[in-house]
Amino acid sequence: MVAEWRLSRGVEEQTQAFFEGFNEILPQQYLQYFDAKELEVLLCGMQEIDLNDWQRHAIYRHYTRTSKKIMWFWQFVKEIDNEKRMRLVQFVTGACRLPVGGFADLM
């Protein structure tokens, strides 16, 4: 009951305010034209991933920067486009955007 209150009724006023504001920008009838991925990009935007920042702040456990598997990983990341890089970051971290400080501030 506590979880239900915190997740639904406890933030009902804030959720309603968000939907009203969002509806002013994009009326609900237009949401049907977007799939979930497009709506996420609309809400969060698409950040440009800084590969140098990512590599500089990567933490390796049981590997080193020069390990063959790590080098394969970075080669793969360099070859994919920015959207796929962002999806990879989201998959690994659960965050749809990087913090303002970049990878250094990512938990």
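As shown above, the structure is provided for reference.
The structure displayed is predicted, hence computed values, not measured ones. (Residues numbered from 1 in each chain as written. Predicted model: local features only at pLDDT ≥ 70, side-chain atom pairs only at ≥ 80, totals over all residues. Heavy atoms only, no water.)

### Re the nonpolar core
In terms of nonpolar packing, the biggest core is built from 11 residues, these being Ile49, Leu51, Trp54, Ile70, Trp74, Val77, Met86, Leu88, Val89, Leu98 and Phe103. Secondary structure elements with two or more residues in this core: α4 (51-56), α5 (68-79) and α6 (82-93). Discounting chain neighbours no more than four positions away, the residues touching Val89 are Ile49, Trp54, Gly94, Leu98 and Phe103. (Core = buried A, V, L, I, M, F, W, Y, C linked by side-chain atoms within 4.5 Å. Buried < 20%, exposed > 50% of the residue type's maximum accessible area, 1.4 Å probe, protein only. Helix = DSSP H or I, 4+ residues; strand = E, 2+ residues; numbered from the N terminus. Contact = heavy atoms within 4.5 Å.)

### A closer look at α6
Between the first and last C-alpha of α6 there are 16 Å, a value that for 12 residues agrees with the 16 Å anticipated at 1.5 Å per step. Within the span of α6, buried status applies to Asn82, Arg85, Met86, Leu88 and Val89. Across the axial projection of α6, the buried residues extend over an arc of 155°, all falling on one side. Within α6, the exposed residues directed more than 90 degrees away from the buried face are Lys84 and Phe91. Elements that come into contact with the buried residues of α6 comprise α4 and α5. (Expected span 1.5 Å × (residues − 1). Arc of directions from axis to C-beta.)

### Regarding the packing of aromatic side chains
Under the defined criterion, the tally for this structure stands at 7 aromatic pairs. A centroid spacing of 5.9 Å and a plane angle of 20° characterise the contact between Phe18 and Phe22, whose relative ring orientation is stacked. Linking Phe18 with Phe22, this pair stays in helix α2 (residues 12-25), spanning 4 residues, or about one helical turn. Judged by relative accessible area, which is 15%, Phe22 ranks as buried. Where Trp54 meets Phe73, the ring centres are 6.1 Å apart and the plane angle is 85°; that geometry is what we call edge-to-face. (Phe/Tyr/Trp six-rings, centres within 6.5 Å; stacked < 30°, edge-to-face > 60°.)

### Some details on unusual backbone geometry
In this model, His62 sits at a positive phi of 70°, which is unusual for a non-glycine residue. Position of His62 among the secondary structure elements: in the loop between α4 and α5. Look at His62 and you get exposed, because its relative accessible area is 83%.

### Re the packing of helix α3 (residues 36-44) against α6
The N-to-C vectors of α3 and α6 enclose an angle of 90°; their axes lie 14 Å apart at closest approach. Between α3 and α6, the crossing angle belongs to the class labelled roughly perpendicular. Here Lys37, Glu40 and Val41 of α3 come into contact with α6, specifically with Glu83, Arg87 and Gln90. Per-class residue counts for the contact of α3 with α6 are 1 nonpolar, 1 polar and 4 charged. (Axes fitted to C-alpha atoms, helices over the stretch in contact; angles between N-to-C directions. Parallel < 35°, antiparallel > 145°, perpendicular 65-115°, else oblique. Nonpolar A, V, L, I, M, F, W, Y, C, P; charged D, E, K, R; others polar.)

### Comments concerning the layout of surface pockets
Leftover empty space is mapped by rolling, across the atoms, a probe with the size of a water molecule. Taken as a whole, the largest pocket spans an internal volume of roughly 530 Å³. Around the largest pocket sit 16 residues that line it, and Trp54, His57, Ala58, Ile59 and Val92 are the ones nearest its centre. For the lining of the largest pocket, the secondary structure elements donating two or more residues are α5 and α6. Looking at which element gives the most residues to the lining of the largest pocket, the answer is α6, with 4 residues. (1 Å grid on protein atoms, 1.4 Å probe; cavity = no way out; pocket = protein on both sides within 12 Å on 5 of 7 lines; lining within 4 Å. Points joined across faces, edges and corners; volume = space filled by probe spheres on them.)

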